[in-house]
Amino acid sequence: MGLKLIDLSQEIYEGMPVFPMHQKTFIMTHMTYEENMKMTGSPTLGFSARNLLISEHAGTHSDGVSEYKPGGVTIDKMPLEYFWGSAICLDVSHVRYPNYIEPKDLEEALKRSGQEIKKGDIVLLYTGHYDRTYGTDDYLKAYTGLSYEAAKWLAEKGVVNIGVDAPAIDLTPDDIKFSGHMVCAEYNITNTENLCNLDKVVNKRFLYIGLPLKIRNGSGSPIRAIALLEE
C-alpha cells in the first residue's frame, strides 16, 4: 500500500493575499550570482539569495495561542502534535456568507463523511472559498466562518487544530468578536488558515503535517501543509 501526497499550501509571493491587519509580503533581491562572484573572487560559481519581509500570519499558516490570548503559549512552545497527526476534512461548502457554520452543519457534514472525530484530531473544513475566489479581490472579502457554538462543538470533541480554506476561521467581516479564535483561546488550541486543495481530501481520514517554524515567542508561523493518503 502506497501513500499519495497532496499539497495543501498556498504559494508565497509578493502581492499574495494577506489578512488586512497583517504585514504585506515583500521579496527583495539580496545578491545576484554576478555580485557574489565579484565578492568572493570565484571564477566558476556564484550564489543568489533573496530577502523576505513576511508576517507570521501570511499565506498558509497556523496561529500560536499567544496571538489571541495575552500570556498564551507561543508557537515555538506549543505541542507539535497540534500540527501533525490524524485528520479528517468535512464538506461545509454549501454554507455561504452571511451564514455562519453552525453545529448542525458540522454534525451533518460529519455524518455524510462516514468518519468520526477522535480526541486529538485535526479537523479541516472545506468551504470552497479558495476554489471560488482565489486570485480575485473577493478572496479577502466576505466568507463564512464558525459560530462560537460550532467552534466550541469541535473543541469539546478534543480537536486540537481547526483548518480552513479561507483567510480566517471566523465569519468575515461581520463577526467582530472573532468567535472561532475566542474558542481557540479558551481551549488553548490552534487554527490553520489559507489552506487549499481541500476538495482532494473531503470526507477522508489522512495524515496531516503542517509544522510551524520554530520562531522564538512567535504569534504564529507560515507552514507547508500536506496530506498523506493511503492509496
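Residues numbered from 1 in each chain as written. Predicted model: local features only at pLDDT ≥ 70, side-chain atom pairs only at ≥ 80, totals over all residues. Heavy atoms only, no water.

With respect to helix α2 (residues 103–113)
In plain terms, the rule: Burial classes: relative accessible area under 20% of the type maximum marks a residue as buried, over 50% as exposed, and values in between as partly exposed (1.4 Å probe, protein chains only). Numbered from the N terminus, helices here are DSSP runs of H or I no shorter than four residues, and strands are runs of E no shorter than two. What the arc describes is the spread of directions from the helix axis to the C-beta atoms. Two residues form a contact once any of their heavy atoms are found within 4.5 Å.
Among all positions of α2, only P103, D105, L106, A109, L110 and S113 are buried. Each buried residue of α2 lies within a common arc of 160 degrees when the element is viewed along its axis, so the set occupies one face. Looking at the packing, one finds that the buried side of α2 touches β5 (84–91), β6 (122–126) and α4 (148–156). Directly beyond the C-terminal end of α2, a positive phi value near 75 degrees is found at G114.

Some details on the packing of aromatic side chains
To be explicit about the condition: Centres within 6.5 Å are what make two rings of Phe, Tyr or Trp a pair, Trp counting through its six-membered ring; a difference in plane orientation under 30 degrees is then read as stacked, over 60 as edge-to-face, and the rest as tilted.
Here the structure, examined in full by the defined rule, presents three aromatic pairs. Arranged with centres 5.1 Å apart and planes meeting at 80 degrees, the rings of Y134 and Y139 form a pair that is edge-to-face. Judged by relative accessible area, Y139 falls into the buried class, the value being 1%. Aromatic ring contacts, followed pair by pair, group Y130, Y134 and Y139 into a single cluster.

Observations regarding the pattern of salt bridges
Our working definition: Salt bridges are defined as contacts in which a side-chain nitrogen from Lys or Arg sits within 4 Å of a carboxyl oxygen from Asp or Glu.
Tallying each qualifying case throughout the model produces four salt bridges. D7 is the partner of R224 in a salt bridge, and the nearest nitrogen-oxygen pair spans 2.8 Å. On the criterion of sequence distance, the pair formed by R224 in the loop between β10 (220–222) and β11 (226–230) and D7 in strand β1 (residues 3–7) is long-range, its members being 217 residues apart. The exposed category is assigned to R224, whose relative accessible area is 56%. A relative accessible area of 25% means that D7 is categorised as partly exposed.

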